[in-house]
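# Survey of secondary and tertiary structure
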Amino acid sequence: MSDRAARPTVTVCRGCCCGTPKVPRLDHAAQLRELRAALADSAHVRAVDCLDVCERANVIVVQPSPDGRRAGGRPVWLGLVNDRDATADIATWTGAGGPGLAEPPGVLDLYAFQPSRRVREAVED
Ligand code: FES
């Protein structure tokens, strides 16, 4: 996929808790680096400040591409993404098209959560 505007977006929280030693046993820099490397040609990957759901650190939000949204895809919030396998699953799914265009690996259901509307709106606009 070459048109940047047509890509899904992966929002990676890097605030007061996500991406810090408060979440132990994870190489946080590597997590972001691996997502960026895996999705360099297929998605936007951005780091943002605290998303206000720190109890779920590390939080990653996968937002659909315009085509994905037209196909019914909605942003998927994933919490406690604190292992490399989950990060790799997110990269694979997003690389395949993400919400609306590709079926997420079933294991990601374990990480999905629904934040409050206030929290959602801060990211999804
Ligand atoms: S630091 Fe990620 S939700 Fe607060």
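Each remark here, short or long, concerns the structure printed above.
Quick summary incoming for the structure in this document. Worth saying up front: this structure is predicted, and the values here are computed from it rather than measured.

## Topic: the sheet that holds strand β2 (residues 44-48)
- Ordered by their spatial adjacency, five strands build an open sheet running β2-β1-β3-β4-β5, and the pairing between neighbours is mixed. Of all strands in the sheet, those with a lone pairing partner are β2 and β5 (112-113), marking the two edges.
- When strand β1 (residues 9-13) meets strand β3 (residues 60-63), the two strands line up antiparallel, connected through four bridges. Along β3, the bridge assignment pairs Val10 with Val62.

## Brief notes about the environment of Ala86
- As for its placement among the helices and strands, Ala86 is situated in helix α3 (residues 84-95).
- With relative accessibility at 2%, the residue Ala86 sits in the buried group.
- Measuring from C-alpha to C-alpha, the distance between Ala86 and Tyr111 comes to 8.6 Å, with 25 residues separating the pair along the chain.
- Beyond its immediate sequence surroundings of up to four residues, Ala86 is in contact with Val81, Leu108 and Tyr111.

What counts as what
- Residues numbered from 1 in each chain as written.
- Predicted model: local features only at pLDDT ≥ 70, side-chain atom pairs only at ≥ 80, totals over all residues.
- Heavy atoms only, no water.
- Pairing = 2+ DSSP bridges.
- Helix = DSSP H or I, 4+ residues; strand = E, 2+ residues; numbered from the N terminus.
- Buried < 20%, exposed > 50% of the residue type's maximum accessible area, 1.4 Å probe, protein only.
- Contact = heavy atoms within 4.5 Å.

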